[in-house]
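As a plain string of letters, each chain reads:
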Amino acid sequence: MRGNRTVRAGWTGLLLAAACGGEAQPEVEAKVAPTLAVDSPAAADWLAPGPVTVRGSQKYLVDLRVDGETVEPLAENWEKRLVLEPGVHVFEAVGTGPDGDAVTVRRGVLAGDFAEPEGPVAEAMRIRLNRGGLADVLELAGGLLDAEAMAAAAAELNPVYEDSYGIWGWDAVTISADLTALDFGAPVLSASPTDGRLEVVVVLPDLHVDVEATGEVVGSAFDTAVSMDATRAVVTVGLGAGAVDGRLDVELLDADLALEGFSYDTSLLPGDVEDWLLVDTVREKVESMVLEQVRATVPALLDEKLAELDPSFQAEVLGVPVAVSADFAEVAIDGEGLDLALDLAVDIPPAGTRTWAGVFTTGAAATEPSNATDLALSISDDFLNRVLFEAWRGGLLDLELSTADGSLDPLLLGALGASEGSIGVSAELPPVIVDADGAMQLQIGELQVAVDTPDGDLGQRLDLAVAAWADLGLVYASGELGLDLGAVRTSLDVRGSDWGASNEATTKLVSEMLPLDAMLALVGAFRFPVPELGGLRVADAAIDRASGATEVALDLEPATD
């Protein structure tokens, strides 16, 4: 029966009234409040995207809409077929009673594909070090090519030349030469990336070598200086790069050296010494030593610099340790620079007992970053969802704020007619990041909020479930990427209160008074350090969205104290 249930006196009442000699009593109406329930899916359920049947029950409603669609026929046990998109969805069932008052029930669920929260997120990040960034890195590396170190290494080769030979049939000349000095101007390094190969050219300008030659010529001792110079020494090094057991490995493919503008001065040597043999031998030794030093130094320097791109870090968020570790999964060299793919793992200690279907995932890896800036990186939404899942599992979204310990500002409760109390928050579902029309959106459903206000004018206890959809962006500041909340849309469902008003009226009041934006801003506490290269700093940063990922483009400049 729909509408108000009415008990009528009818003929029986008239007869009784007549028998008693009194007047007939007027009709007596007893109003029965309409009821509405959503039975399935259950609140905080994990569902697959696509078609779903919502089922529930009702009494005394004159119409019913679920998510804005009319339920027909309206039976006591009703159902409605809907289609779920990936993300948080709140089923909103709104019925109208006979007197026109609305009855509303909301139930939040999470729809999506879910992966087991085990191991790292594959290709969660990609980093590109492009031509400009390579030039910056090699400029720093050039300062580590030290002439003094090379001279010390050359000294270990002494004597660099020894010989004896005869004049007129007997050994009349003996000679020994030691390298005493090696110097050059500031090294200049440049890189030319091609598919599968990075060619690094090292130029050592104004190469100068001093040699001390000693010996005897027909019984007469000599000790004299010999010098050699080159306008520049040019070393060409071919490098490859790969990932080995999660580490980045720079491999030497080949190396070659040429001395340009070579000259020497042997004018002080005795005339019987064959200076060309001395010069050729010393030159060969110097070339070999310089080449070996560059072969040993450049790949190691580049390996060390590229290893600094590892984004692993440890931090503390709201008193809970958070660790992100990275493994280099793939390294490729192309015509614009180096492209690095990394697997990322997140470690946050779990707290309490949680039930889940898995981590919300799109299955999309990080996109290829831009090759137009010095350094660029891409972070997949799947990685950010893994971070949010681990934060949820670790209890970071379960909060207890109280005026007693100062964690809750009493002014926030003033709108509820109270000066003291507490707000408890418990997340039944993890927050998720969803691509919404090319932008990031943070979604959370079934956030259980309990408000206790012992001195409240409206009441002392309020229990409600909150769902929220917030525009989300990544921002760069002080070497870190942070999550930035934009406009927030919320849905509230009062599950219980002693406020003495209907749930619908209480919901409307709380939505205007409860500081939900401030509670959701806790997500902004997460910060991710941007990979750095020692000696360089970010001059400019630009952030953009791609399909299922966020891209960050960085221009670098030398760091100054």
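Residues numbered from 1 in each chain as written. Predicted model: local features only at pLDDT ≥ 70, side-chain atom pairs only at ≥ 80, totals over all residues. Heavy atoms only, no water.

Examining helix α2 (residues 131-142)
Moving on, step 1. Taking 1.5 Å per residue, 12 residues should reach 16 Å; α2 reaches 16 Å between its end C-alpha atoms and fits that length.
Moving on, step 2. Along α2, the positions that sit buried rather than exposed are G133, L134, D136, V137, L138, A141 and G142. (Helix = DSSP H or I, 4+ residues; strand = E, 2+ residues; numbered from the N terminus. Expected span 1.5 Å × (residues − 1). Buried < 20%, exposed > 50% of the residue type's maximum accessible area, 1.4 Å probe, protein only.)

Structural notes on the sheet that holds strand β22 (residues 337-347)
Sheet strands pair via backbone hydrogen bonds, and the direction of the pair is either parallel or antiparallel.
Moving on, step 1. Strand order in the open sheet formed by seven strands is β20-β21-β22-β12-β24-β33-β32, with antiparallel pairing between adjacent strands. Of all the strands in the sheet, the pair left with one neighbour each is β20 (313-317) and β32 (536-546). Strand-to-strand twist of the sheet, defined as the mean angle between neighbouring strand axes without regard to direction, takes the value 25 degrees.
Moving on, step 2. Sheet topology places strand β21 (residues 320-334) next to β22; 11 bridges connect them, and they run antiparallel. What sits directly across from E330, in β22, is A341. (Pairing = 2+ DSSP bridges. Axes fitted to C-alpha atoms, helices over the stretch in contact; angles between N-to-C directions.)

A closer look at helix α3 (residues 147-155)
Each full turn of the α-helix corresponds to 3.6 residues, which orients residues three or four apart in the same direction.
Moving on, step 1. Taken together, the buried positions of α3 are A147, M150, A151, A153 and A154. Along the axis of α3, the buried residues cluster in a sector spanning 160 degrees; they form a single face.
Moving on, step 2. Here α3 starts with a cap whose side-chain oxygen sits 3.2 Å from the backbone nitrogen of E148, and that cap is D146. (Arc of directions from axis to C-beta. Polar contact = N/O pair within 3.5 Å; in protein donor to acceptor, adjacent residues only side chain to side chain.)

A few points about the sheet that holds strand β8 (residues 77-84)
Moving on, step 1. An order of β3-β5-β8 is seen for the three strands of this open sheet, with the pairing classed as antiparallel. With one partner strand each, in any of the chains shown, β3 (35-40) and β8 form the two edges of the open sheet. Each neighbouring strand pair of the sheet contributes to a mean axis angle of 30 degrees, computed without reference to strand direction.

Quick notes on the packing of aromatic side chains
Moving on, step 1. Taken as a whole, this structure holds six aromatic pairs when the rule is applied.
Moving on, step 2. Considering the side-chain rings of F389 and W392, the 5.5 Å spacing of their centres and the 50 degrees angle between planes classify their relative orientation as tilted. With F389 and W392 both in helix α5 (residues 381-393), this residue pair falls three residues apart, about one helical turn.
Moving on, step 3. Ring-pair connections join several aromatic residues into one group, and the members of that group are W46, F114, W356, F360, F389 and W392.
Moving on, step 4. The ring centre of F262 lies 4.2 Å from the NZ or CZ of R283, which sits over that ring.
Moving on, step 5. Just above the ring of W469 sits the side chain of R489; from NZ or CZ to the centre is 4.2 Å. (Phe/Tyr/Trp six-rings, centres within 6.5 Å; stacked < 30°, edge-to-face > 60°. Lys NZ or Arg CZ within 6 Å of the ring centre and 35° of its normal.)

What to know about the nonpolar core
Moving on, step 1. M150, L182, V202, V290, L340 and F383 are the most contacted members of the largest nonpolar core, which totals 99 residues.
Moving on, step 2. The biggest single contributor to this core is helix α4 (residues 275-307), with 12 residues.
Moving on, step 3. Setting aside its immediate chain neighbours within four residues, L182 contacts A147, M150, A151, L207, H208, V209, V286 and M289.
Moving on, step 4. Within the second largest apolar cluster, 34 residues are counted, among which are L399, L413, I423 and A467. (Core = buried A, V, L, I, M, F, W, Y, C linked by side-chain atoms within 4.5 Å. Contact = heavy atoms within 4.5 Å.)

Considering the pattern of salt bridges
Moving on, step 1. Tallying each qualifying case throughout the model produces 25 salt bridges.
Moving on, step 2. In this structure, the salt-bridge partner of R106 is E92, at a minimum N-O distance of 2.8 Å. Taken together, the positions of R106 in strand β10 (residues 102-111) and E92 in strand β9 (residues 87-96) put the pair 14 residues apart, joining distant regions of the chain.
Moving on, step 3. Close ionic contact of E260 with R232 constitutes a salt bridge, the shortest N to O distance being 2.8 Å. Note that E260 is positioned in strand β18 (residues 247-260) and R232 in strand β17 (residues 220-244), a separation of 28 residues in sequence.
Moving on, step 4. What makes R232 partly exposed here is its relative accessible area of 34%.
Moving on, step 5. Here the residues in one salt-bridge network are R107, E446, D493 and R495, joined through shared partners. (Salt bridge = Lys/Arg side-chain N within 4 Å of Asp/Glu carboxyl O.)

Quick notes on the environment of S378
Moving on, step 1. Here S378 is to be found in strand β24 (residues 375-380).
Moving on, step 2. Of the residues examined, S378 reaches a relative accessible area of 0% and is grouped as buried.
Moving on, step 3. On a C-alpha basis, the gap between S378 and E123 in space is 9.8 Å, while along the polypeptide they are 255 residues apart.
Moving on, step 4. If sequence neighbours within four positions are ignored, S378 has contacts with A124, M125, R126, A366, T367, P369, A549, T550 and E551.
Moving on, step 5. Side-chain polar atoms of S378 contact the side chain of T367, separated by 3.0 Å.

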